Amino acid sequence: MDIKGAVALITGGASGLGAATAKRLFDAGASVVLVDLPQSGGQAYAEELNGGAGAGEPSGTGPKAVFAPADVTNEAQVQAAVDAATSLGPLRIVVNCAGIATPGKVLGRDGVLPLETFNKVIQINLVGTFNVIRLAAAAMVETEPVSTELGGPERGVIVNTASVAAFEGQIGQPAYAASKGAVAAMTLPLAREFARSLIRVATIAPGIFETPMMAGLPQAAQDSLGEQVPHPARLGRAAEYANLAAHIVENAMLNGETIRLDGAIRMGLK
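An account of the accompanying structure is given in this report.

Each value, and the rule that gives it
Residues numbered from 1 in each chain as written. Predicted model: local features only at pLDDT ≥ 70, side-chain atom pairs only at ≥ 80, totals over all residues. Heavy atoms only, no water. Helix = DSSP H or I, 4+ residues; strand = E, 2+ residues; numbered from the N terminus. Expected span 1.5 Å × (residues − 1). Buried < 20%, exposed > 50% of the residue type's maximum accessible area, 1.4 Å probe, protein only. Axes fitted to C-alpha atoms, helices over the stretch in contact; angles between N-to-C directions. Parallel < 35°, antiparallel > 145°, perpendicular 65-115°, else oblique. Left-handed = near helix turned anticlockwise from the far one by under 90°. Contact = heavy atoms within 4.5 Å. Nonpolar A, V, L, I, M, F, W, Y, C, P; charged D, E, K, R; others polar. Salt bridge = Lys/Arg side-chain N within 4 Å of Asp/Glu carboxyl O.

1. Here we look at helix α5 (residues 174-185)
- Here α5 is twelve residues long and its end C-alpha atoms lie 16 Å apart, about the 16 Å a rise of 1.5 Å per residue gives.
- Listing the buried residues of α5 in full gives A175, Y176, A177, S179, K180, V183 and A184.

2. Side note on the packing of helix α1 (residues 16-27) against helix α9 (residues 238-250)
- Axis separation between α1 and α9 bottoms out at 8 Å; the angle between their running directions is 55°. Between α1 and α9, the angle is such that the two are oblique. In the crossing of α1 with α9, the sense of the turn from one axis to the other is right-handed. Here G16, L17, A20, T21, R24 and L25 of α1 lie close against α9, whose contacting residues are A238, A239, Y241, A242, N243, A245 and A246.
- Across the contact of α1 with α9, the residue classes tally to nine nonpolar, three polar and one charged.

3. Observations concerning unusual backbone geometry
- Of the consecutive residues H231 and P232, the connecting peptide bond is found in the cis state with omega at 0°.
- Here P232 is to be found in the loop between α8 (219-227) and α9.
- Its identity is not glycine, yet L198 carries a phi of approximately 65°, on the positive side.
- Along the chain, L198 falls in the loop between α6 (187-194) and β10 (199-206).

4. Points about the pattern of salt bridges
- Scanning the entire structure with this criterion turns up seven salt bridges.
- A salt bridge links K23 to D27; its shortest N-O distance comes to 3.0 Å. A residue pair is termed a helical-turn pair when its members lie 3 or 4 positions apart in one helix, as K23 and D27 do in helix α1 at four residues.
- A residue is classified by how much of its surface remains accessible, and D27, at 52% relative accessible area, is exposed.
- In the salt-bridge network here, residues are joined through shared partners; they are E168, R260, D262 and R266.

5. Re the environment of E240
- By the secondary structure assignment, E240 is in helix α9.
- Look at E240 and you get partly exposed, because its relative accessible area is 30%.
- Here the alpha-carbon distance between E240 and L17, two residues 223 residues apart in the chain, equals 9.0 Å.

Here's what the structure looks like:
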């Protein structure tokens, strides 16, 4: 599907993988709606993409970037973000990058892992992703199909974010691994259901990437993690995730699949 002229909704769009994806799609001609928390800096980033047009009122006839503050687990807020997207044109692309990676052993130094800690990770990473999917899909089915470059109609593409932890969760990652494993697991049933509506669903499972969370580690620790990647022996870059997301949108045969983007790393015990 052609990116140019489409509207894309990107969760976690103010930083990291989401911000890189928003820029990649915007540069390819899509209007983008950045969905992130109110304090995330999403408004400033939208204005940056717009070239400083400011105040959420970009000018001109080209693609537009809009910030839609929302918690992905909040139905009303996500619906408002979807409405903001459809007001710009046909919503055809959704990329779910919002998530947290709160670590915690089940039996840690401070006792049993609080149930609320586990539940928060599941709520944001899994329930939040599903909440966005269901509301965005409802809008997508109302759009007119478009022809792809190689023929055949499409309405839209949904790209989710899992993790290699879905397959090789480490000690201290039961909540994170469970949430990302579930995102990977629902990819195929969603793709099968939405096929009749001409909507594709795929998932990216990144390895160790340069993200705001990773930036909090000392440089020596980041370098050590990067050296564990077989090839290239470095941390993944957000632009590489964004490039794969854009390719998924453009390649009509990518559907129902979880794609590892990890430099061939297989995570160890801890």
